[in-house]
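# Commentary on secondary and tertiary structure
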Number of protein chains: 2
Amino acid sequence: MKTVGIGILGCGTVGSGVAQELQERSSLLAERAGMVLELRRVAVRDLSRSRDVSFEEGVLTDDPRSVVADPSVDIVIELIGGVDLARELVLMALTAGKSVVTANKALLAEHGKELFAVAAENNADLFFEASVAGAVPIIKALREGLAGNQIQRIVGILNGTCNYILTCMEDGGTEFDVALKDAMEMGYAEADPSLDIDGGDTAHKALILAALAYNRFFDQSDIVVDGIRGIALDDLQYAAELGYRIKLLGVILQDGDQIAVRIHPALVPHGRMLASVTGSYNAVMVDGHLSGTTVFHGRGAGREPTTSAVLADVVDVVRNLSSGATGRLPVVDGTADHLSLRPIEDMRVRYYLRMELLDEPGVFAKISECLGSHGISISSVLQKSSVVDGFVPAIIMTHVAPEGAFCAALEELRPMDAVGDEVVSIRVEEFEEAE
Amino acid sequence: MKTVGIGILGCGTVGSGVAQELQERSSLLAERAGMVLELRRVAVRDLSRSRDVSFEEGVLTDDPRSVVADPSVDIVIELIGGVDLARELVLMALTAGKSVVTANKALLAEHGKELFAVAAENNADLFFEASVAGAVPIIKALREGLAGNQIQRIVGILNGTCNYILTCMEDGGTEFDVALKDAMEMGYAEADPSLDIDGGDTAHKALILAALAYNRFFDQSDIVVDGIRGIALDDLQYAAELGYRIKLLGVILQDGDQIAVRIHPALVPHGRMLASVTGSYNAVMVDGHLSGTTVFHGRGAGREPTTSAVLADVVDVVRNLSSGATGRLPVVDGTADHLSLRPIEDMRVRYYLRMELLDEPGVFAKISECLGSHGISISSVLQKSSVVDGFVPAIIMTHVAPEGAFCAALEELRPMDAVGDEVVSIRVEEFEEAE
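The paragraphs below set out a description of the structure included in this document. The structure presented is a predicted model; accordingly, all values stated were derived computationally and were not measured.

Below, the discussion takes up the environment of I197 of chain B. Residue and element names in this part refer to chain B. The topology assignment puts I197 in helix α9 (residues 194-197). In this structure, the C-alpha to C-alpha distance between I197 and A312, residues 115 residues apart in sequence, is 29 Å. Apart from the residues lying within four places of it in its own chain, the contact partners of I197 are C162, I165, F176, L180, G227, I228 and R229.

On to the sheet that holds strand β5 (residues 99-102) of chain A. Residue and element names in this part refer to chain A. Spatially, 6 strands are ordered β3-β2-β1-β4-β5-β6 in an open sheet, and the strand pairing comes out parallel. Among the strands making up the open sheet, the edge pair consists of β3 (60-61) and β6 (126-127). In terms of strand pairing, strand β4 (residues 75-78) meets β5 through 4 bridges, oriented parallel. Across the sheet, the residue bridging to I75 is S99, located in β5. The strands that helix α1 (residues 13-24) touches are β1 (3-9), β2 (36-43) and β4; relative to β1, the one it contacts most, it runs at about 160°.

Moving on: the relation of the copies chain A and chain B. Each copy superposes on the other: chain A lies on chain B with an RMSD of 0.0 Å after a rotation of 180° and an axial shift of 0.0 Å. Expressed as a symmetry operation, the mapping of one chain copy onto the other fits a two-fold axis. Closest approach to the rotation axis within chain A is made by the C-alpha atom of F296 of chain A, at a distance of 2.4 Å. The fraction of interface residues of chain A whose copies in chain B are also interface residues reaches 100%, indicating that both copies meet through the same surface.

Residue and element names in this part refer to chain A. Where burial is concerned, the two faces of β5 agree: the one with S99 and V101 and the one with V100 and T102 are both buried. Of the crossover connections in this fold, the one passing from β4 over helix α4 (residues 84-95) to the parallel β5 is right-handed. The pairing of β5 with β6 spans 2 bridges and is parallel. Considered in β6, the bridge of V100 is made with L126. Crossover β5 to β6 through helix α5 (residues 105-121) is right-handed.

So, on to the packing of aromatic side chains. All names here are of chain A. Across all of its chains, the model carries 9 aromatic pairs over all chains by this definition. Note on Y351 and F406: the rings are 3.8 Å apart at their centroids and 5° apart in plane angle, and the pair reads as stacked. Of this pair, Y351 sits in strand β14 (residues 348-358) while F406 sits in helix α14 (residues 403-413); the two residues are 55 residues apart in sequence, bridging distant segments of the chain. Classification of Y351 by relative accessible area gives buried; the value is 2%. The rings of F116, F128 and F217 are connected pair by pair, giving a single aromatic cluster.

All right, on to the nonpolar core then. A general trend in soluble globular proteins is that nonpolar side chains are found buried together. I138 and L209 of chain A together with I138 and L209 of chain B are the most contacted members of the largest nonpolar core, which has 176 residues in total. Ignoring sequence-local partners within four residues, the contact set of L209 of chain B consists of V132, I138, I139, L142, I154, L158, I252 and V284 of chain B.

Analysis parameters
- Residues numbered from 1 in each chain as written.
- Chains lettered and ligands numbered in written order.
- Predicted model: local features only at pLDDT ≥ 70, side-chain atom pairs only at ≥ 80, totals over all residues.
- Heavy atoms only, no water.
- Helix = DSSP H or I, 4+ residues; strand = E, 2+ residues; numbered from the N terminus.
- Contact = heavy atoms within 4.5 Å.
- Pairing = 2+ DSSP bridges.
- Axes fitted to C-alpha atoms, helices over the stretch in contact; angles between N-to-C directions.
- Least-squares fit on C-alpha atoms with pLDDT ≥ 70 in both.
- Buried < 20%, exposed > 50% of the residue type's maximum accessible area, 1.4 Å probe, protein only.
- Right-handed = clockwise from strand over helix to strand, strands pointing away.
- Phe/Tyr/Trp six-rings, centres within 6.5 Å; stacked < 30°, edge-to-face > 60°.
- Core = buried A, V, L, I, M, F, W, Y, C linked by side-chain atoms within 4.5 Å.

Structure follows, in structure tokens:
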């Protein structure tokens with residue numbers, strides 16, 4: 001059996017997981033890949049750090065460029081994260097005709113178009129299963145398993161940290177700050193958790209899925225990205241009373257030549273598969289014109305699940321290499337220029353609206369009159385009896401309405417004397433009506 | 001762009017779905033496959049039958065062998081079902097070096113080893129995504145998406161008819177016979193539904209999944225195959241009271257060099273993903289040593305979902321063809337001879353046991369003494385107060401026990417005077433403890 005040389009850039013949590021498997025499961029991997037995978041070079045930041053994986057003399061280096069340039073390295077696994085150095089190294093590998101496996105969602109979301117073009121020019125594979133939903137082979141499902149379908153909708157719970165926090169709040173009655181601290185202690189959230197909880201990480205992943213489904217790269221600055229900081233314990237409890245869970249979703253929808261891509265928390269009805277995704281799990285729901293609704297669920301992050309995805313890509317790349325079929329899959333070249341982003345004002349969903357209302361006769365009539373004047377009709381109301389400083393909490397569920405009209409109504413409601421300071425609105429995803 | 005010739009054997013529900021897509025979505029499919037897919041020949045049983053798809057002059061024939069032999073046909077899609085003729089035609093195609101896409105689970109479960117060997121000898125692809133779980137790309141996930149994993153467990157809801165019947169019984173309080181009739185009217189169940197409801201169809205699919213995960217073909221006659229005929233409405237209702245749903249499962253487990261494969265109804269705890277699979281949907285849960293638990297959910301049968309799977313395979317086969325990489329994936333050659341089937345007596349699960357007990361003092365003590373003498377301890381008891389002819393229904397949930405001991409206890413319990421005629425036992429799958 002022939003041997004293929006592997007180089008790893010970055011030996012943190014995932015890098016050491018991949019290195020360990022390459023060492024300890026070499027016969028399983030050789031059987032799956034049809035070639036012996038030999039780990040030849042590993043680039044680390046700090047050579048003096050102690051590690052739980054040991055390497056032969058000469059494997060470790062603190063010069064990542066030397067790993068890419070090493071003629072004994074045929075395939076480069078990029079796990080250093082970040083964007084600038086990662087981009088430089090991936091481009092260097094691809095230009096040399098070396099295939100690359102990466103878990104780097106920020107890199108792909110920001111520079112995917114350039115990187116895939118360079119991969120195609122140099123007949124190298126650039127695979128990225130680990131960039132979205134960890135162990136769940138959603139990239140492969142979209143590119144290959146559902147290849148006969150026009151993709152109509154993708155909705156994903158793509159950030160395990162946020163889902164963990166929301167689950168703690170909902171099931172344990174934990175306040176946001178406490179749940180966040182807990183997620184950090186569990187190692188789910190980074191030291192700076194803003195990329196997770198403000199939706200940026202979910203946006204990177206959704207943009208990759210959108211690019212795959214529609215062959216078009218959109219900019220993060222052009223889409224709505226709302227995180228979960230504004231979600232109060234009350235909202236989760238009221239939502240539960242109304243038959244919903246709150247999830248941070250990445251939503252991608254096609255409507256003719258328009259693609260909607262948006263990241264925001266949403267109420268999801270109990271009984272829907274996505275509502276039963278708890279803890280740090282991820283799930284992606286994909287609707288195809290033939291497949292109907294499919295759901296893919298599993299561990300979205302962590303050493304072993306990410307290693308699982310990286311190794312699947314490595315096996316795939318090696319199979320291409322050994323059968324002379326590198327570049328076998330079409331690259332995402334982003335040439336679907338006829339598609340444009342759908343403006344957020346045109347979105348049509350139901351809304352959950354929580355306000356404090358003055359506990360006086362006629363107040364509710366004013367509110368519903370205001371909503372009605374913008375064409376928004378009320379589906380149900382949950383009014384609480386607990387009066388604080390003369391105000392009572394009220395939760396209004398609307399029928400489907402255009403985002404633009406709803407925002408205009410909110411602008412009018414907020415300054416009213418009868419409306420308290422806190423006005424919270426969360427979109428509702430029923431997963432039945434198309435937008 | 002080059003053109004590849006497609007032949008379809010069988011133009012029933014799925015065959016006409018595939019033909020229609022090849023005609024109506026040719027540009028989408030060409031983009032995905034990198035070649036134009038041209039439908040050149042279609043074999044039907046009855047040329048005079050009217051169809052919802054129209055074909056050009058010369059495409060239709062009632063001689064399937066002529067389709068396989070036609071030099072303009074490069075890829076054969078086998079959708080005639082059944083085993084003998086399908087086997088002959090698939091062998092004929094493979095021997096001619098033509099790749100084959102099939103949805104035929106019975107064929108693969110019974111003759112997989114032979115067919116894959118012939119495919120390998122002739123460097124042809126034999127793809128079968130549509131044979132298990134319809135639109136859900138579970139074959140691709142197991143072969144490729146989870147390729148870095150040692151697969152530890154697969155549990156599937158693989159028969160939509162049974163799941164539809166069980167859901168009707170549970171949610172609608174419908175008796176088995178009525179729900180079955182309903183499934184037949186909905187077109188889910190065949191005119192002879194025994195292959196579905198007695199577990200044979202699930203067995204075929206589980207054997208294919210086991211072959212993929214462990215590279216070993218097992219015989220259906222060597223595994224436990226229990227269907228859902230024995231499940232009463234009472235059982236679903238008692239199970240619900242205890243916090244469970246009843247599902248027909250295909251279970252595949254590795255324990256060292258032993259593989260357990262068994263098909264039977266089981267109590268599944270509420271809150272588990274598999275418990276929330278309702279109606280005619282399918283789902284497959286896969287545990288890998290790296291991936292942890294993943295779940296794949298979607299439509300398991302019907303024209304469009306099966307067409308989705310068939311077309312994904314066709315695109316894959318064409319990609320191999322155009323890049324000269326036919327035979328790129330290792331075939332399931334079944335050479336893992338060191339693996340054997342785990343004897344059913346060694347299975348260790350919890351049991352749900354429903355009996356009618358004589359409403360007299362001391363009876364329950366006798367029952368628990370009998371169970372105890374076989375090493376089976378009781379976890380909980382649900383005793384009903386409704387006395388009929390002196391007997392009351394009692395439901396016993398046991399702790400984990402070996403199947404052999406449990407069956408021996410049942411043998412002893414059945415003839416007791418204090419035990420009524422109907423003794424129903426159903427295995428419980430908690431999905432936490434390994435067997």
